[in-house]
Number of protein chains: 2
Amino acid sequence: MNAKSKTPAVAVAGATGAVGAELLHCLEKRRFPLSSLKLLASPRSAGKTLKFRGEDLPVEVLDENSFKGIDVVLFSAGSDTAKKYAPHAVKAGAVVVDNSSAFRMHADVPLVIPEINAGEIAKHKGIIGNPNCSAIVSITPLWPIHRKNRIKRLIISTYQAASGAGAAAMDELFESTRAAVENRPFTPRVLPHPYAFNLFSHNTAIDPRTGYNGEESKVMAETKKIFGDPDIRVSATCVRVPVLRAHSVSLTFECEKPITPDEVRRILSDAPGVKVVDDQVRNYFPMPKDASGQDDILVGRIRHDLSDPSGHSISWFAAGDQLLKGAALNAVQIAELL
Amino acid sequence: MNAKSKTPAVAVAGATGAVGAELLHCLEKRRFPLSSLKLLASPRSAGKTLKFRGEDLPVEVLDENSFKGIDVVLFSAGSDTAKKYAPHAVKAGAVVVDNSSAFRMHADVPLVIPEINAGEIAKHKGIIGNPNCSAIVSITPLWPIHRKNRIKRLIISTYQAASGAGAAAMDELFESTRAAVENRPFTPRVLPHPYAFNLFSHNTAIDPRTGYNGEESKVMAETKKIFGDPDIRVSATCVRVPVLRAHSVSLTFECEKPITPDEVRRILSDAPGVKVVDDQVRNYFPMPKDASGQDDILVGRIRHDLSDPSGHSISWFAAGDQLLKGAALNAVQIAELL
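If you're wondering where the values come from, they're calculated on a predicted model, not measured in any experiment. (Residues numbered from 1 in each chain as written. Chains lettered and ligands numbered in written order. Predicted model: local features only at pLDDT ≥ 70, side-chain atom pairs only at ≥ 80, totals over all residues. Heavy atoms only, no water.)

**Student:** When you look at unusual backbone geometry in this model, what are you seeing that I'm missing?
**Tutor:** A positive phi is found at Asn183 of chain A, a non-glycine position, where the angle reads about 60°. A positive phi angle is found at Phe197 of chain B, which is not glycine, with a value near 55°. One can find Phe197 of chain B in the loop between helix H6 (167-181) and strand E9 (200-201). Residue Phe197 of chain B is classed as buried on the basis of its relative accessible area of 13%. (Helix = DSSP H or I, 4+ residues; strand = E, 2+ residues; numbered from the N terminus. Buried < 20%, exposed > 50% of the residue type's maximum accessible area, 1.4 Å probe, protein only.)

**Student:** What am I meant to see in the packing of helix H1 (residues 18-29) of chain A against helix H10 (residues 324-337) of chain A here?
**Tutor:** Packed helices, taken two at a time, are described by the angle between their axes plus the distance between the axes. Residues and elements named next belong to chain A. H10 packs onto H1 with a crossing angle of 50° between their chain directions and a minimal axis gap of 9 Å. Relative to H10, H1 is oriented oblique. Between H1 and H10 lies a crossing whose hand is right-handed. Residues Val19, Glu22, Leu23, Cys26 and Leu27 of H1 touch H10, and the partners they reach there are Leu324, Ala327, Ala328, Leu329, Ala331 and Val332. Each residue belonging to the contact of H1 with H10 can be placed in one class, and the counts come to 10 nonpolar, no polar and 1 charged. (Axes fitted to C-alpha atoms, helices over the stretch in contact; angles between N-to-C directions. Parallel < 35°, antiparallel > 145°, perpendicular 65-115°, else oblique. Left-handed = near helix turned anticlockwise from the far one by under 90°. Contact = heavy atoms within 4.5 Å. Nonpolar A, V, L, I, M, F, W, Y, C, P; charged D, E, K, R; others polar.)

**Student:** Can you help me understand the interface of chain A and chain B in this one?
**Tutor:** In many reports, interface size means the accessible area that the parts give up when they come together. Residue-level contacts link 62 residues of chain A with 62 residues of chain B. For the pair chain A and chain B, the summed buried surface comes to about 5100 Å²; carbon and sulfur atoms form 58% of the total. Applying the counting rule to chain A against chain B returns 6 salt bridges. Of the charged contacts in the structure, one is a salt bridge between Glu216 of chain B and Arg303 of chain A, with a shortest N-O distance of 4.0 Å. Applying the counting criterion to the chain A and chain B interface returns 32 residue pairs in polar contact (both at pLDDT 80 or more). Per-class residue counts for the side of chain A that touches chain B are 30 nonpolar, 23 polar and 9 charged. (Buried area = accessible area lost by both parts, 1.4 Å probe. Salt bridge = Lys/Arg side-chain N within 4 Å of Asp/Glu carboxyl O. Polar contact = N/O pair within 3.5 Å; in protein donor to acceptor, adjacent residues only side chain to side chain.)

**Student:** What is the right way to read the nonpolar core from this model?
**Tutor:** One recurring pattern in soluble globular proteins is that nonpolar side chains are buried together. Judged by nonpolar contacts, the single largest core of 88 residues is most densely connected at Val12, Leu27, Leu37 and Leu74 of chain A together with Val12, Leu37 and Leu74 of chain B. Sequence-distant contacts of Leu27 of chain A, defined by excluding residues within four places in its chain, comprise Val12, Phe32, Leu34, Leu37, Phe52, Arg53, Leu74 and Val332 of chain A. (Core = buried A, V, L, I, M, F, W, Y, C linked by side-chain atoms within 4.5 Å.)

**Student:** Any chance you could explain the pairing of strand E12 (residues 246-255) of chain B here in plain terms?
**Tutor:** Along a regular strand, successive side chains alternate from one face of the sheet to the other. Residues and elements named next belong to chain B. Of all 10 residues in E12, 10 are buried; the element is thus mostly enclosed. Neither face of E12 is exposed, since Ala246, Ser248, Ser250, Thr252 and Glu254 on one face and His247, Val249, Leu251, Phe253 and Cys255 on the opposite face are all buried. As paired elements, strand E8 (residues 151-159) and E12 share 8 bridges and run antiparallel to each other. Within the sheet, the bridge partner assigned to Ile156 lies in E12 and is Leu251. Pairing of E12 with strand E15 (residues 313-321) involves 9 bridges; the strand directions are antiparallel. Across the sheet, the residue bridging to Thr252 is Ser315, located in E15. (Pairing = 2+ DSSP bridges.)

**Student:** Just checking my understanding: could you explain the pattern of salt bridges for this structure?
**Tutor:** Pairs may arise between side chains of opposite charge once their charged atoms sit close together. Applying the stated criterion across every chain, the model contains 42 salt bridges over all chains. Residues joined in a network through salt bridges with shared partners are Glu22, Arg245 and Asp321 of chain A.

If you want it as structure tokens, here you go:
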């Protein structure tokens, strides 16, 4: 942030996307202190206006000269756009919080979930990475466990919402489903497979060396970086399900020492950003419909993993809003700490 | 089967349900040799007719006297109905293949997936269990691996279709989704939670001793019984997703000896009832939409589990038609072997 300004001048790059809309909501709802807000997007959104704190703000075209006088840029414009424009923002003196994967694994880019490693923020050299949404939903609730009883191994299967692929994918899920219930044909445009009443392995390229796809590799690498623990062994299977905006995850993790479900519930009961929803009697557990629009990540189905008789392993099921804690909220939390 | 008849007299109990309809299709498609077919259902379906081999067959009320002269009864009428009427069928001299969980874990009831343990069929005392659908989809493709390189540990996360809860649940998914895209309210009647664009932990009761629900406990116990291996360590997390009729599973398993993805593909390439769909270049893997209406279980995303550096563990993603191999087809396969 420029030393001269107390309340920063903020820009949102990618303001018209699904995450962009939530960034504006989060800034508004959290009364983020800002002296001005500049909305940036690609040329096809230029001329639009977006409401912020009761005002209609114009959407301007994102280019190399967009960042003069800006202190903080919240980037949610995809990896290629971030690679192209974030360096210009840094050169103009702004701090970039980038939601894409462009810089996340760079050694001099802190990758931050504030509940886990807020202290990393101070080390930034102009860019701070906002982690992958599946990583955020998976590991935010794991951190308080890891601090008390190191997690050695983590196996994740995701149930990911359309929102992770943007507003157009959410529209495609909705419209293709409408076509299905009306018995009309529908040709997918955004996603590679029919989505209505279907699910599919995450549509990022498979690394032929490992067999893992791009999304899975991000979850695995980012977990190690955010936990600051290169030795934690992680495997992820990432699957898109026909849900609009909250990711769910089925997790099994193995700790260094024995651990019980009651201990886990106790640790999570006062963990920030986490809410235990684990009503075994009413059979009420985390669901995307309840996680949608919520800041907290919901965790339930907490039990000993019976495939590990040593008592070191726990399984749980969690759900978190992909657009909020999985993206916009986490970015705004980082900006608040700057 | 009665010794006197060569081609058996067959009855289907629960003929008007989702699995019942598929039982008739399977008998027809596989040209099952039968001298007569009797359709049985609850009183509320009496008077209906169902098409079989071009004929309209009447649906009769299932009662204690339904089984005179019947050689084979395919039961798909739920656990309580099976408990009540299957013993009468056995007393009348028929062999029962029961799709419910009523008798599956009884010591003198063979629990059979023909690709795995067809030899057990001969040991029956009148009742043969048709396994849980999630168990069938999970373990049919695992068996040829297990025979060559014993599986010690198995961790399953399911993505289960509405059909597992019957035709009414499929209707509820469809109608609640129609209501959602038309922005109309919908009150769930069959399932405990809103299902449109949502998912939830399987709605069977949680065992307070273990924290696992009924569906998960079945998958875990039935795997041991069908494999004839009480020492295999299994954990399942069962989740209902908004898909109509094919179950998917994300699996991680650990073998006694090292194993490679190529070995797995080679073993599965000539495994009965299994089809490898694992195109890493085109990013094409098993999906419910492709598994629906297929006899085979589709297996893909075959890779080393990188959370186990020993090279003993494999992860894969599979999908199988819940109504076919998960229920009706498997039952008809058993009847064919009788």
